[in-house]
Amino acid sequence: MDRCHQARVRQALEPEWEARFEPRSYGFRPGRGCHDAIESLFNTLRGRSKRVWILDADLAGAFDNIDHDHLLRTIGDFPARRMVAGWLKAGTIEAGKGFSPTEAGTPQGGVISPLLLNIALHGLEEAAGVRYYLTGSHAGEVVGASPTLTRYADDLVACCHSRQQAEQVKARLAAWLALRGLAFNETKTRIVRLDDEGFEFLGFHLCRYPNGKLLIKPSVPAIKRFRKRLAKEFRALRGANVAAVLAKITPIVRGWVAYYRTVVSSRVFHVLTDYLWKLTYKWACWSHPNKPKRWIVQRYFGKFNKFRNDRWVFGDRDTGAYLPNPAWTDITRHTLVKGWASPDDPALATYWAQRRRKVTPPLDAYTVRLLTRQDGRCTLCGENLLAPDQPPQSPEGWEWWFLWVTKKAIKVDYLVHHTAASGTSPRDDRTHLVHATCNRTGKHAVAVKGNTVLQPTT
């Protein structure tokens, strides 16, 4: 019940603060995410940018140490202020320890906790000395001599012109955070040069190379973690059949690739494709130790993807299912969200609708073409085929998306490839996507000239 009340309070509190939040805050906010933070850093640091000194900082236990009194003063006279205060002081019950009062921090796992963190950290850019042009042709841009600060939840990056400026920003922020009960995690906070070793942020590595080009790639630790997990999963799947292997590994691979498809990842994807082939071949040899290699290749590898001239794809010959290669993934650049744009602003409804339509879901090319041609809508009812929710913000989130959302949408017949009903014009006698519910109700459609949505007949 508390989670329901927290969600209700968040929906009332969030629109007020969305109109006030700083433009380079991207964590736990509707319509914004990790890729916006990365794209913001790219726009700041690319070309001949003189902001080459980077303060790469992390807050120590941000959710657990927020000062309650300061947070409640910041919220002000919000009608549900007493409910928020009750959640903050509710305490916790741990097995073997009993009840423990909470003197600081936000509710653990609470629906409203991310919003409270953003409220507590509102004003971080101003404290760092970031200044924006307010008028003229450069309105909304950062003043030339000013540092910039990009934040995602409790991770932040300040881009400065000199090491001295970076140290000053760190000192100002440390004093500002202390009033809110927060402090830097000194083991993870450092000042580096962009053109020396670069820095890592949200699983990406940003570095300016000797040729002057800024490249953003998947970080080495992220690649190592992914390879280690794949090896662990394949070891655990020894003794399982090929269908179980595909069901487990495919969402993991597609989720990781979907998260990193917006940066310079082509070479990494090709290396991972080779690594995946070795793992699948090793698994097949372990499963059939008494079979010759030729038999194993013919059994598990072939040209499963009819759109790819690749006969070394790992798959199941009984069902036709296969493991997609990371190297097949096209690099798709992310479009940065406008600085002060809020999804709750009625004047920007058209902007957000167009932005959602431009997002290319990481599905197969055939389904994406149909979605694009139909403007992402069911041709029978006119509603969105895929719910325009907040996209996942991590490889694990994308893995869940493929495992549940896509599985329910595509494979469990939530979306079906449907041919036009009899009586329609020849131009609509083609394959299109519809909701399975619309298909089951037996709706017939008639084409309206100049409209991509077929209108249900009465």
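Definitions and limits used
- Residues numbered from 1 in each chain as written.
- Predicted model: local features only at pLDDT ≥ 70, side-chain atom pairs only at ≥ 80, totals over all residues.
- Heavy atoms only, no water.
- pLDDT = per-residue confidence, 0-100.
- Contact = heavy atoms within 4.5 Å.
- Salt bridge = Lys/Arg side-chain N within 4 Å of Asp/Glu carboxyl O.
- Helix = DSSP H or I, 4+ residues; strand = E, 2+ residues; numbered from the N terminus.
- Buried < 20%, exposed > 50% of the residue type's maximum accessible area, 1.4 Å probe, protein only.
- Pairing = 2+ DSSP bridges.
- Axes fitted to C-alpha atoms, helices over the stretch in contact; angles between N-to-C directions.
- Core = buried A, V, L, I, M, F, W, Y, C linked by side-chain atoms within 4.5 Å.
- Parallel < 35°, antiparallel > 145°, perpendicular 65-115°, else oblique.
- Left-handed = near helix turned anticlockwise from the far one by under 90°.

**Some points on the confidence of the model for the chain**
Next, step 1: Averaged over all residues, the pLDDT of the chain equals 82, while 80% of them reach at least 70.
Next, step 2: Low pLDDT, under 50, characterises residues 408–416; the stretch is placed with 24 contacts to residues that sit more than four places away or in other chains.
Next, step 3: Below a pLDDT of 50 lies the segment residues 420–429, which in the model reaches 14 contacts outside its immediate sequence neighbourhood of four places, other chains included.

**A closer look at the pattern of salt bridges**
Oppositely charged side chains may form a pair once their charged atoms are brought near each other.
Next, step 1: Overall, the coordinates contain seven salt bridges when judged by the stated rule.
Next, step 2: Measuring nitrogen to oxygen at the nearest pair gives 3.4 Å for the salt bridge that ties R163 to E167. You can see R163 and its partner E167 sitting in helix α8 (residues 163–178), four residues apart, about one turn around the helix.
Next, step 3: When its relative accessible area of 41% is taken as the criterion, E167 is described as partly exposed.
Next, step 4: In this structure, K170 and E186 form a salt bridge, with 3.3 Å as the shortest nitrogen-oxygen distance. On the criterion of sequence distance, the pair formed by K170 in helix α8 and E186 in the loop between α8 and β6 (190–193) is long-range, its members being 16 residues apart.
Next, step 5: By relative accessible area, which is 22% here, K170 ends up partly exposed.

**Details of unusual backbone geometry**
Next, step 1: For A153, which is not glycine, the phi dihedral falls at a positive 60 degrees.
Next, step 2: Tracing the backbone shows A153 in the loop between β4 (148–152) and β5 (155–160).
Next, step 3: Within the chain, L202 stands out as a residue other than glycine whose phi angle is a positive 60 degrees.
Next, step 4: Examined against the element boundaries, L202 turns out to sit in the loop between β7 (199–201) and β8 (204–208).

**Some details on the sheet that holds β5**
Next, step 1: One open sheet holds the four strands; their spatial order is β4-β5-β1-β6, and the pairing between them is antiparallel. Strands at the two margins of the open sheet, each flanked by one partner only, are β4 and β6. The sheet shows a mean angle of 20 degrees between the axes of neighbouring strands, taken without regard to direction.
Next, step 2: The sheet contact formed by strand β1 (residues 53–58) and β6 spans four bridges and is antiparallel. Residue pairing across strands places L55 opposite I191, the latter belonging to β6.
Next, step 3: Of the strands in this sheet, β1, β4 and β5 are in contact with helix α2 (residues 34–45), which crosses β4 at around 165 degrees.

**As for the environment of G61**
Next, step 1: On the secondary structure map, G61 appears in the loop between β1 and α3 (62–65).
Next, step 2: Among the residues examined, G61 registers a relative accessible area of 34% and is labelled partly exposed.
Next, step 3: For G61 and F184, which are 123 residues apart along the polypeptide, the C-alpha to C-alpha distance reads 9.1 Å.

**Thoughts on the pairing of β4**
One face of the sheet, then the other: side chains in a regular strand alternate in exactly this way.
Next, step 1: Within β4, five of the five residues are buried, which leaves it mostly tucked inside the rest of the structure.
Next, step 2: Neither face of β4 is open: one carries T148, T150 and Y152, the other L149 and R151, and all of them are buried.
Next, step 3: As judged from the five bridges shared by β4 and β5, these two strands associate in the antiparallel manner. Bridge pairing in β5 links Y152 to D155.
Next, step 4: Between β4 and the antiparallel strand that follows it, β5, lie two residues; A153 among them carries a positive phi value of about 60 degrees.

**A closer look at the nonpolar core**
Next, step 1: Grouped together as the largest cluster of nonpolar side chains are 58 residues, with contacts concentrated most on F199, F201, F204, L230, I249, W283 and F314.
Next, step 2: When near neighbours in sequence (up to four residues on either side) are disregarded, F314 contacts V242, V245, L246, T280, W283, Y300, F301, F304, Y322 and L323.
Next, step 3: By size, the runner-up hydrophobic cluster in this structure holds 44 residues, among which are L71, F78, W176 and L182.

**As for the packing of helix α9 (residues 220–236) against helix α11 (residues 266–287)**
Next, step 1: Viewed as axis vectors pointing N to C, α9 and α11 meet at an angle of 15 degrees, and their least axial separation amounts to 10 Å. Here α11 runs roughly parallel to α9, going by the angle between their axes. Two packed elements cross with a definite hand, and for α9 against α11 that hand is right-handed. Residues I223, F226, R227, L230, A231 and F234 of α9 touch α11, and the partners they reach there are V268, V271, L272, Y275, L276, L279, T280 and W283.

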